[in-house]
There are 2 protein chains.
Amino acid sequence: MADVTIDPMKATRNETWIEHAMQGLADAGYQKGAARRAVVECLGRQACAVTALEIEEEIRQGDTAAGRASIYRTLEQLEELSLVHRLEMGTGTASYEAAEPGGEHHHHLVCDRCGRVVPFQDDGLERAIKGLSRRSRFEVSEHDVTLHGLCERCAA
Amino acid sequence: MADVTIDPMKATRNETWIEHAMQGLADAGYQKGAARRAVVECLGRQACAVTALEIEEEIRQGDTAAGRASIYRTLEQLEELSLVHRLEMGTGTASYEAAEPGGEHHHHLVCDRCGRVVPFQDDGLERAIKGLSRRSRFEVSEHDVTLHGLCERCAA
DNA sequence: ATGACTGCAAAGCCTTTGCACGCAA
DNA sequence: TTGCGTGCAAAGGCTTTGCAGTCAT
């Protein structure tokens, strides 16, 4: 029985996406300021969704720094260009993750006890969503799936 | 081609759920105060998810009234007892809807232009989620699916 | 009579906005 | 040089909490 979850550790610095995103921002007329670059690089480094405040924290611990406002502004620009995906997983705080140009993506399992978030991927789910999107009256462009429950540690 | 969306107008006052919820609250040791009852009745009257502030508004227009704090407190209690389901659909505000005892439920299409929310139901989707939940390492108890895009009015 | 329920107001968080200064092009 | 980018601080919006009066049991 194949596990649908994705090993969060497998992610390495996503240089491809970082360049892609910087290029997209440039094409949209944005300059390459320090804060903007720091946010993009931070996002490219993540294995899964992160909050704006987590990005702020991580950037602060690095060599650069970025004001909170600049982080939110950059995230807004990236989302507008479909370079990042903004999610709300029931925690009351928005999370952001890099949007792969190929459309490849994953969804999330959230532990309601400890808050752990684990990404997963499933072709059957994607097919089901594609099919019902076609049967709906909407022009569907995005979708989010969040599973809630207990992670293996908390369920034990 | 069968439409997966559900007619939001078909919902009528869900007396069954209202009684079920009031009973659940009573079993948990809660009293039958006016504010609590008003929130439960308002939820039982909804066709789809509503925000706390929409509940407040609707209650105010009725004969009763309820303070904002009481509304949030009641919603929290109902959610803890799994009598309501709390959702975040990317709007930055939480929504709540009655949780049917039988487990029957729907998901949501959100128009990113006008904000309209339309419920839908799809067995294939439910099967896919049940299957992958089994293959995950989580003990999955709930799931939310939100499709984003443009509604037929905004897409035109 | 006792303890739960309620509402108001204040406080908390996350997020957005206004504004003056600094940097990219 | 010009205007975008940035950071600070203040403002906004939703949600939670403290507290004193009120109501259910």
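Before reading further, recall that the structure is shown in the block above.
Remember, predicted model here, so these are calculated numbers, not experimental data.

Asker: Please clarify how the interface of chain A and chain B should be interpreted in this entry.
Answerer: The extent of an interface is frequently quoted as the accessible surface area lost upon association of the parts. Counting residues at the interface gives 44 residues for chain A, matched by 44 residues for chain B. Between chain A and chain B lies a buried interface of about 3,500 Å² when both sides are counted; carbon and sulfur atoms form 59% of it. A per-residue breakdown of the area chain A buries against chain B is headed by Glu 88, Arg 135 and Phe 138 of chain A, which together make up 20% of the total. Linking chain A with chain B are two salt bridges, by the criterion used here. A salt bridge links Asp 122 of chain A to Arg 135 of chain B; the nearest nitrogen and oxygen atoms lie 2.5 Å apart. Contributions of two or more residues to the side of chain A that touches chain B are made by β2 (84-88), β4 (107-111), β5 (117-120), α5 (123-135), β6 (139-150) and α6 (152-155) of chain A. Per-element accounting of the side of chain A that touches chain B gives the leading share, 12 residues, to β6 of chain A.

Asker: Sorry if this is basic, but what is going on with the sheet that holds strand β2 (residues 84-88) of chain B here?
Answerer: The strands that make up a sheet pair up through hydrogen bonds in the backbone, lying either parallel or antiparallel. All names here are of chain B. Ordered in space as β1-β3-β2, the three strands form an open sheet in which the pairing is antiparallel. For this open sheet the edge positions go to β1 (50-51) and β2, each flanked by a neighbour on one side alone. Pairing geometry for β2 and strand β3 (residues 94-98), over five bridges, is antiparallel. Paired with Val 84 across the two strands is Ala 98, which belongs to β3.

Asker: Got a minute to help me understand the protein's contact with DNA strand C in this structure?
Answerer: Taken together, 21 residues lie around DNA strand C, and Tyr 72 of chain A together with Gln 31, Arg 36, Gly 67 and Arg 73 of chain B are the ones closest in. Across the atoms of DNA strand C situated within 4 Å of the protein, the share located in sugar and phosphate is 73%. The side chain of Gln 31 of chain A places a nitrogen or oxygen atom 3.3 Å from a sugar or linking oxygen of DNA strand C. Only α4 (68-80) of chain A together with α2 (34-44) and α4 (68-80) of chain B provide two or more residues apiece to the surface near DNA strand C. A per-element tally of the surface near DNA strand C places α4 of chain A first, with four residues.

Asker: What should I look at first to understand the nonpolar core in this one?
Answerer: Nonpolar side chains in soluble globular proteins tend to be buried together. In this structure, Phe 120 and Leu 125 of chain A together with Phe 120 and Leu 125 of chain B are the most contacted members of the largest nonpolar core, which totals 26 residues. If you list the elements that add at least two residues to this core, you get β4, β5, α5 and β6 of chain A together with β4 (107-111), β5 (117-120), α5 (123-135) and β6 (139-150) of chain B. When neighbours within four sequence positions are excluded, Leu 125 of chain B is seen to be in contact with Leu 125, Ala 128, Ile 129 and Leu 132 of chain A together with His 107, Phe 120 and Val 145 of chain B.

Asker: Help me understand the relation of the copies chain A and chain B in this model?
Answerer: The operation relating the two chain copies consists of a rotation about an axis and a shift along that axis. The transform that puts chain A on chain B rotates by 180° and translates by 0.0 Å along the axis, for an RMSD of 0.0 Å. Put plainly, the chains are arranged around a two-fold axis. Using C-alpha coordinates, one finds that chain A approaches the rotation axis most closely at Val 145 of chain A, a distance of 2.3 Å. Most of the interface of chain A is mirrored in chain B, where 100% of its interface residues again form contacts.

Asker: Could you clarify how one ought to interpret the pairing of β4 of chain B in this entry?
Answerer: Each regular strand shows side chains that alternate between the opposite faces of the sheet. Residue and element names in this part refer to chain B. Of all five residues making up β4, five are buried, and the element is well covered by its neighbours. Of the two faces of β4, the one holding His 107, Leu 109 and Cys 111 and the one holding His 108 and Val 110 are both buried throughout. Here β4 pairs with β5 via four bridges, running antiparallel. Paired with His 107 across the strands is Phe 120, a residue of β5. Remark: five residues form the turn of the hairpin made by β4 and β5, two consecutive strands paired antiparallel; Gly 115 in that turn has positive phi of roughly 85°. Bridge count between β4 and β6: four bridges; the pairing is parallel.

Basis of the calculations
- Residues numbered from 1 in each chain as written.
- Chains lettered and ligands numbered in written order.
- Predicted model: local features only at pLDDT ≥ 70, side-chain atom pairs only at ≥ 80, totals over all residues.
- Heavy atoms only, no water.
- Contact = heavy atoms within 4.5 Å.
- Buried area = accessible area lost by both parts, 1.4 Å probe.
- Salt bridge = Lys/Arg side-chain N within 4 Å of Asp/Glu carboxyl O.
- Helix = DSSP H or I, 4+ residues; strand = E, 2+ residues; numbered from the N terminus.
- Pairing = 2+ DSSP bridges.
- Near = heavy atom within 4 Å.
- Polar contact = N/O pair within 3.5 Å; in protein donor to acceptor, adjacent residues only side chain to side chain.
- Core = buried A, V, L, I, M, F, W, Y, C linked by side-chain atoms within 4.5 Å.
- Buried < 20%, exposed > 50% of the residue type's maximum accessible area, 1.4 Å probe, protein only.
- Least-squares fit on C-alpha atoms with pLDDT ≥ 70 in both.

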